[in-house]
Amino acid sequence: DNPASVKRQLAQLFELSLRATVPDEPDVVPLVDACAVKGGVKFGDYQCNNAMGVWSTVKGKQTGFRGPPAIGEAILNNLPPSEMIDSCSVAGPGFVNVVLSKKWIAQRVQRMLVDGIDAWAPRLPVKRALVDFSSPNIAKEMHVGHLRSTIIGDTLARMFEFSRVECVVRRNHVGDWGTQFGMLITYLFEKFPNPDDLSEAAIGDLQALYKASKVRFDSDPEFKLRAQQAVVRLQSGEIKYRKAWKQICDVSRAEFDKVYQRLGVQLEERGESFYNPYIPGVLEKLDNLGLIEESDGARVIYVEGVNIPVIAVKRDGGYNYFSTDLASLWYRLNEEKLEWIVYVTDIGQQQHFDMLFKAYRRAGWLPKDENAYPKCTHVGFGLVLGEDGKRFRSRSSEVVRLVDLLDEAKRRCRTSILERDTAKDWSEEEIEKTSEAIGYGAVKYADLKINRLTNYTFNFDQMLNDKGNTAVYLQYAHARICSIIRKSGRDIEEVKRNGEIVLDSEDERALGLHLLQFPEVFEEACTNLLPNLLCEYLYNLSEIFTKKFYPNCQVVGSPEETSRLLLCEATVIVMRHCFYLLGIEPVYRL
Ligand code: ARG
C-alpha cells in the first residue's frame, strides 16, 4: 500500500463513485490506469476503465443504464469533488478520463522536496524479508549467471529496504558442501602429503585445481574411491579434512569478495554446510507427516502437479541440493522468522523451487494461498548470451572471470573520459572514481533494464553507448541537470524553503506529472519483483527532461527561474534515488 501513489488516490475516489453508481454491486473494484498516448494524443492523465465491466454485470438487471457510455457518465457524475482533479470527460465505451490539476501536481512535487523521497515509499506488509542471491559455488566457476543474480538480488534487497521492511537479510547461500570437496581435498593431500605445507597460498587458483582434480577423478578409479571416502570423512567432521575444507572456502571467499566490493554489494554468507545438521530433523518431521516415500532405494517426496517425485535422500543415504533447501527453508521460517523469502537464480532452477514450495505447502508449513505470508518467491532470470547468441564465454577460456569483465568496463570508460575536454582539469582520483561509477553502473543497468525473464546479450559497445538507453546516457543527463543548478549560483536549500513550483507550460507539467508517478511505478516493480520497471521509469524521466523540458524551458536567468530550479532539483533527487535502487553511483559532473 502506498498513500503517495496518485493511482491509488484516484482509485479511492472512483471506488466511492462506483458505490454510488451501482450500489447493488459492492464487489466491483476500481480499475484506474495512467493514460497511454493514442495516435499522438492523450485524453487525460489517468482513466477509469470500469464502465464495460460494470455493463456486463448489470445488463439484464433493472438498473436503467442503456450501455457502457451511460455508465461512464454516471461514474463521472458521482465522482466526489477533489482538489486533485482539474477536469473529467467520458470517451468511447465509457472510459472516464481525468486531467489532474497542475496546481495539485506542483504542490505534491514540492512536498517531496521538503519531506524527502522517503515520504514516497510504500509500506510492505512484512517486517522481516530475506533475499537469497549471488550464491556461487565454491571451487566451481562463479559465472555470469551469478553476476546476474548478484545484480538483481542487490536491487531487490534495496527495494525492500526502501519499502521500510525492518529487517532485510541479504543472504549468500554459497555452495560449500558438494561432493566436489572430496575430489579437491584428495587431490590436495596427494600434492601436499605434509599437511603443514597446505596453505591458502598453495591452494592458489581454485579453478585450475578443480580442473586438475576432476581429470584425476575421471581417469583413476582408485582416486575416485578415495575421493568418495573423503566426502564421508569430511562430513563426519574429521579434523584434517575439515581444515582443508575451510582453507579452500577461505580462498574462494576472498575471490568472491573482490567482485562484491567492486559492485558495492553487501552480502551475509551462510553456506549450505550450515544447514547440514538440520537436515535429519526436518526429514523426520516430513516423514511423520507422511510425506516421505521410498522409491528405488531413495527417499522421495511427491508434490501436486508434478509426475516425478523429488529426491530428498539419495540411494546411498547422502543428501543433495534439495535436502539442503528443505532444511534451509525450515530454518528461515522457524528460526529466523522470515515472512517473505525470495530466491534469485536462473530460470533453470524454477522447477526445483516450485517443488520445494509445494512440498512445504503439502506439509502445511506454508499457507495454501501463494500470496499469503509467510511467502516464498522464486525470482528467475534468463541466460547471459554472448554476441554470437550462444552462452557467454570469453575468447580464451570456458569461463569469464567476473573481475576481468568489470575491469574492462572500467577501462573503456576511463579511455572515453580522458578523451573529453571537460575532464582536462580532473584529478586522477576523480577520473578513477568516475570511470568506476560509469563502468560498473553500465554493467548493472544493462542487466537490470531488460525483463529478467528474457535472455540478455552481453555487449560492451551497447552498454557503454552514451546515446541509447544506457546508464552512461542517464549519468550524462543527471550531470547536466546538476550543472544547471550549479550555474544558477543559487542556494538550492534556500530556494526549496522559499520558492514555489508553478507548472504553466505543457512541458513543465509533463515533467511534474512523471515525477509524481514514481510511487506507483515503484509499487508495481516491488509487487512483481521487476527492477526493469524502475529502469524504464528512469529512462522516461530523463527523456522528458532532455527532450521536452530542457529545450523549451530556459531555467537560469528566466522569469520562472525559481520554479524551474525546483523542478530540476526534484528531477535529480528522483533520478538519484532510482540510481540508488539500481546500485548505481551517480556522478555530478561529466
Ligand atoms: N549455488 C546455487 C547455484 O549456483 C544457487 C543457490 C540458490 N539458493 C538456494 N537456496 N538454493 O546455482
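Since this is a predicted model, take the numbers as computed values, not measurements.

J.: How would you summarise helix α10 (residues 239-263) if you had to cite specific residues and measurements?
T.: Compared with the 36 Å implied by 1.5 Å per residue over 25 residues, the 36 Å span of α10 between its first and last C-alpha is a close match. Positive phi shows up at Gly264, right after α10, with a value of about 65°.

J.: Lay out the site of the ligand in plain terms, naming residues and giving numbers.
T.: The environment of the ligand is formed by Asp132, Ser135, Asn137, His146, His173, Tyr321, Asp325, Tyr343, Thr345, Gln349 and Phe353. With respect to the ligand, the backbone of Ser135 contributes an N or O atom lying 2.9 Å from a nitrogen atom. Interatomic distance of 2.8 Å between a side-chain N/O atom of Gln349 and an oxygen atom of the ligand. Among the elements of the structure, α12 (321-334) and β11 (340-346) are those that each provide at least two residues to the shell around the ligand. The residue makeup of the shell around the ligand, split by class, is three nonpolar, six polar and two charged.

J.: Would you mind going over the packing of aromatic side chains in detail, with residue names and values included?
T.: Enumeration over the complete set of coordinates arrives at 23 aromatic pairs. Ring geometry for Tyr343 versus Phe357: centroids 5.7 Å apart, planes at 40°, classification tilted. A residue pair is termed long-range when its members are at least 10 positions apart, and Tyr343 in strand β11 and Phe357 in helix α13 (residues 350-362) qualify at 14 residues. Judged by its relative accessible area of 1%, Tyr343 falls in the buried class. When the centroid spacing of 5.2 Å and the interplanar angle of 90° are considered together, the rings of Phe458 and Phe460 count as edge-to-face. In terms of burial, Phe458 and Phe460 fall into one category: buried. When the ring centre of Phe274 is taken as reference, the NZ or CZ atom of Arg270 above it lies at 4.2 Å. Looking at Lys375, its charged tip hangs above the ring of Trp340, at a distance of 4.3 Å from the centre.

J.: Lay out the domain arrangement of the protein in plain terms, naming residues and giving numbers.
T.: Taken as a whole, the protein is organised into domain 1 (6-100), domain 2 (128-172 + 275-384) and domain 3 (180-263). Each of domain 1 and domain 2 has a C-alpha centre, and these two points are 43 Å apart.

J.: Residues and numbers for the sheet that holds strand β8 (residues 292-295), please.
T.: Pairing within the open sheet is antiparallel, and its three strands lie in the order β8-β9-β10. For this open sheet the edge positions go to β8 and β10 (310-313), each flanked by a neighbour on one side alone. This sheet shows a mean twist of 50° between the axes of neighbouring strands, independent of strand direction. As paired strands, β8 and strand β9 (residues 298-301) are joined by four bridges and run antiparallel to one another. The residue bridging Glu293 from the neighbouring strand is Val300, located in β9.

Criteria and thresholds
- What you see as residue numbers is a count from 1 along each chain, following the sequence as written.
- In view of the model being predicted, local features appear only for residues whose pLDDT reaches at least 70, and side-chain atom pairs are presented and counted only at 80 or more, with totals across whole chains, interfaces and linings using the full set of residues.
- With hydrogens and water excluded, all non-hydrogen atoms of the structure serve as input to the side-chain values.
- For helices the rule is a DSSP run of H or I covering at least 4 residues; for strands it is a run of E covering at least 2, with both sets numbered from the N terminus onward.
- In this scheme, a helix's expected span is set at 1.5 Å multiplied by one less than its residue total.
- Think of it this way: one heavy atom of a residue within 4 Å of a molecule or strand is enough to make that residue near it.
- Polar contact criterion, stated in full: a pair of N or O atoms within 3.5 Å, where within protein one must be able to donate a hydrogen and the other to accept it, and residues adjacent in sequence count only if both atoms are side-chain atoms.
- Asp, Glu, Lys and Arg are counted as charged, while Ala, Val, Leu, Ile, Met, Phe, Trp, Tyr, Cys and Pro are counted as nonpolar; the rest, among them Gly, fall into the polar class.
- Classification of ring pairs uses Phe, Tyr and Trp, with its six-membered ring standing for Trp, and accepts pairs whose centres are within 6.5 Å; under 30 degrees between planes counts as stacked, over 60 as edge-to-face, and the remaining range as tilted.
- When accessible area is computed with a 1.4 Å probe and restricted to protein chains, residues below 20% of their type maximum are described as buried, those above 50% as exposed, and intermediate ones as partly exposed.
- Look at NZ for Lys and CZ for Arg. If either is within 6 Å of the ring centre and within 35 degrees of the ring normal, a charge sits over the ring.
- The split into domains, and so the bounds of each, comes from an automatic or database assignment of domains.
- Should DSSP find at least two bridges between two strands, the strands are taken to pair.
- Axes here mean lines fitted to C-alpha atoms, for a helix over just the part in contact, with angles spanning 0 to 180 degrees between N-to-C directions.

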